[in-house]
Amino acid sequence: MSSEVVLAVQGIVKDFPGTRALDGVDLDLHKGEILALVGENGAGKSTLMNIIDGVLQPNEGKIRINGEEVVLHTPLDAQRYGIGFVHQEIALCQHVSVAENIFMAELNTSKKSLVNYNDLYKRAAEILAPLGAVDPKKRVNELSISNQQIVEIAKALSLDCKILILDEPTAALTESETDALFKIMQDLKAKGISIIYISHRMAEIFSQCDRVSILRDGVYCGSLNIAETDSKEVVSKMVGREITNLYPPKFQGDCTKEEELLRVQGFTDGFRFNDISFTLHQGEILGFSGLIGAGRSEVMKAICGLHPKIGGSVAFAGEQISISHYEDAIQRGIVYLTEDRKVEGVFLDLSIRKNISALKIDQVSTNGLVDRHKENGLSDEYAAKLNIKCASTTHDVSSLSGGNQQKVLLAKLLSIRPKVIILDEPTRGIDVGAKSEIHKLIRNLANEGIGIIMISSELPELIGLSDRVLVMHEGDSCGIICGDDINEKKIIHMASGLEKVGV
Amino acid sequence: MSENMTVKNNSVLSTLGNVFTKVKSFREGTLILIILAVCVIMSFLSPYFMTWGNWRAIFLSFSTEGIVVVGMTVMLIIGGIDLSVGAVMCLAMCVAGRLFLMGMNPWLASIIALAVSAGVGAIMGYFVTKIGLVHFITTLAFLGIARGSCYVLTQGSPLSLFTLPASFKFIGQGSVGPFPFIIIIFLIIVIFSDFMVRKSSIMRKVFYTGSNEKAALFSGIRVNKIKLGVSVLCSSLAGLAGIIYMSRFGAATPGFGVGLEMTTISAAVIGGASLNGGEGTVLGSILGVALLSIITSSLILLDVSVYWQDLVKGLILLFAVSVDHFQHAKKMKA
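Residues numbered from 1 in each chain as written. Chains lettered and ligands numbered in written order. Predicted model: local features only at pLDDT ≥ 70, side-chain atom pairs only at ≥ 80, totals over all residues. Heavy atoms only, no water.

1. Topic: unusual backbone geometry
All names here are of chain A. Phi is positive for aspartate 275, close to 50°, though the residue is something other than glycine. Owing to a relative accessible area of 49%, aspartate 275 belongs among the partly exposed residues under this scheme. The backbone phi angle of alanine 317 is positive, close to 50°, even though this residue is not glycine. Inspection of the secondary structure puts alanine 317 in the loop between β14 (311–316) and β15 (319–321). (Buried < 20%, exposed > 50% of the residue type's maximum accessible area, 1.4 Å probe, protein only. Helix = DSSP H or I, 4+ residues; strand = E, 2+ residues; numbered from the N terminus.)

2. A closer look at the packing of aromatic side chains
Evaluation of the coordinates by the stated rule reveals 16 aromatic pairs over all chains. Seen in terms of ring centroids, phenylalanine 49 of chain B and tryptophan 55 of chain B are 5.6 Å apart; in terms of plane orientation they differ by 70°. Their pairing is edge-to-face. The class of tryptophan 55 of chain B is buried, set by a relative accessible area of 19%. Cation over ring: arginine 123 of chain A sits above phenylalanine 103 of chain A, and NZ or CZ is 4.5 Å from the ring centre. (Phe/Tyr/Trp six-rings, centres within 6.5 Å; stacked < 30°, edge-to-face > 60°. Lys NZ or Arg CZ within 6 Å of the ring centre and 35° of its normal.)

3. Looking at the packing of helix α12 (residues 260–270) of chain B against helix α13 (residues 282–301) of chain B
All names here are of chain B. The N-to-C vectors of α12 and α13 enclose an angle of 120°; their axes lie 7 Å apart at closest approach. Overall, the two elements α12 and α13 adopt an arrangement that is oblique. Pair α12 / α13 crosses with right-handed handedness. Where α12 abuts α13, its residues Thr263, Ser266, Ala267, Ala268 and Ile270 lie against Gly284, Ser285, Gly288, Val289, Leu291 and Leu292. When the residues that make up the contact of α12 with α13 are grouped by side-chain class, the tally is 6 nonpolar, 5 polar and no charged. (Axes fitted to C-alpha atoms, helices over the stretch in contact; angles between N-to-C directions. Parallel < 35°, antiparallel > 145°, perpendicular 65-115°, else oblique. Left-handed = near helix turned anticlockwise from the far one by under 90°. Contact = heavy atoms within 4.5 Å. Nonpolar A, V, L, I, M, F, W, Y, C, P; charged D, E, K, R; others polar.)

4. Notes on the interface of chain B and chain A
Contact residues are listed per partner, giving 22 residues for chain B and 32 residues for chain A. For the pair chain B and chain A, the summed buried surface comes to about 2400 Å²; carbon and sulfur atoms form 55% of the total. The largest share of the area that chain B buries against chain A comes from Arg204, Tyr208 and Phe218 of chain B, three residues that together contribute 30% of it. Put simply, chain B and chain A have 3 salt bridges between them. A salt bridge links arginine 204 of chain B to glutamate 375 of chain A; its shortest N-O distance comes to 2.7 Å. (Buried area = accessible area lost by both parts, 1.4 Å probe. Salt bridge = Lys/Arg side-chain N within 4 Å of Asp/Glu carboxyl O.)

5. A word on the nonpolar core
By size, the foremost hydrophobic cluster in this structure holds 176 residues, and its most contacted members are Phe278, Met300 and Ile334 of chain A. Once residues within four sequence positions are removed from consideration, methionine 300 of chain A is found in contact with Phe278, Phe288, Tyr336, Ile422, Ile453 and Ile455 of chain A. (Core = buried A, V, L, I, M, F, W, Y, C linked by side-chain atoms within 4.5 Å.)

Below, the structure is given as structure tokens:
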């Protein structure tokens, strides 16, 4: 790693109406290093990156590239200075070929009226070769998410970028895809390209990055050399306090002796899952583990009437029930938190209030009319209970950070006083502080006698919270484990289909 | 002394300014200001503009269309669009007219015609929710089907219905005191539906669905049922307008109501309904249709050829959509 500074931002201030998103932030990026940028949701990481990419303009502060002060009016300016930004959400044209996507900017500015496709494919293949096996002629929507990400990176590299910003690139990737991405990052680093890497995953940061810069509430909290620090120090700087006792204590005694809330038997949809049976008891947290695509979410959606099934029965508190639509489940007090917050969860352009009351609007209505007082009272009560950080619950949900949006969804579930809560990846894309808050909340709810099912792909979370864990492999149940059996090795074994317990 | 005066003046001005920005801050306020401005200008340009006769004519012209606008507004709120309203309106007219000429009681004929238009709405709703087609193409197909049915029913020539009983003609031609009965029907529907759109829990479900259909589904809302209901509502209101027109003109014309979709969609969008769904008010849409009518009437009073009307309406729509777009873009940036 050389000490040549390729990018320096100094004293960046950015105001949004009502809030100061960034308050005098500094950041140095050296040639050929991987710099991790961490901070809780809402700390200003995205705002800062959008300023570096020319999407937003700072109110104050300077940006220097290779020592020269620059003003970036648009992303195009940033491209000219060799800055490439791979966004968290994939922004490719889904219906055209990989090669056309990679050279989109070039085709756009080209003065020729015809495209030489053979040449285009050849050059795309050259750029893609070191990144992975992606066919430049394929249409983007035929690719897996990880390969789409590779196309995004190739697109940034085709612009001859010297600085690459990766915003949570591993959020949607499987383990092997993640490893492939890390290899690419190290190769780029060896070529002298500097990378800013945004992630919530400490393990990745400590295995891949050279330095880490920390933001908290829009303020720069310093940079640390990875070799000289540990995750505890980074986390405490991010949160501004020590995070101790990450997981609350589990259920004392045998939870299966408690009253039975839910008995699911022989659930089958003939496609994604097959013959799934389990019970859920009062005060229990039942974890669901398995690889992505093992059918966990589909089982849960089927229980709630959100996914078709061809066989199986559900008993709720000892009574056979039939749920044909999610509304039936809600009436019984069975609620589901989706894993896809943006698409299936929040109403982005509606107020926090209207989001919270959406699950059971009849609850705050009289004679078919929505009672504003009731609605406001209910929403404000749960917003306060869950510590949602907002100036007012009349604001749109889109103004909240990811963690707070998740809390709005939780508030919405809790507002109907549920008996069974099904959580699908409850802490996906959420920062450390909000995460531990949500963990505590989940355990508190269980302690109040609510039965909780939690799907999680994050093993530490699953192991730390669950009283029992059901592991799925390719749509089949591999059995339920409890107590000391709940450990990483055992779960991975079962999830890979190598071991079954009591089935 | 004079200093005091200026301070006072300033405070009066600033309160006025505050009121102005407040009125402007919601869509209906802006529209009212625009309508007032047009009225003030027109009252100078034409002595007939501010007469009761002219206003009666303006009200009459937009009140029947206004009933269709109510349905279109709800349709836009749920994120759909209905291109078939003009044809469905005409279909109700022709069905009722044909049945009456076959000797049926006009009231019964009208009820059957209303049921037919509701049925068309239900079929369109079925294609949208169960088959999974988009509103645009489904309603475009039914625009053709309904209009074609009108020509089949009438064999292409207008049905003359001068034998309609007086009690039935009262709907479209009668007055209560100085107020035409049409305007009274219109006001009742508008006031009731504006209230329902703002307050009712069922309309709240429509807003949820229009804002994010998947999230609505994941909130336990029976999205398909709601969408089907809105489709039936929109077509039924169009059918009702058809019956009113039949009573007013004493005729059923197979080419009637062409271009109604343009007027009603324009009115709703001018009034703040979003083509992306999740936004809109009945009051706003009605002010939108009022503005369009006032401008049409002004063009006539100013001796501008009728041929200019659609062109001007198109320009107004373009302007309104652009304003809407910029406001959204601004909101996204903030």
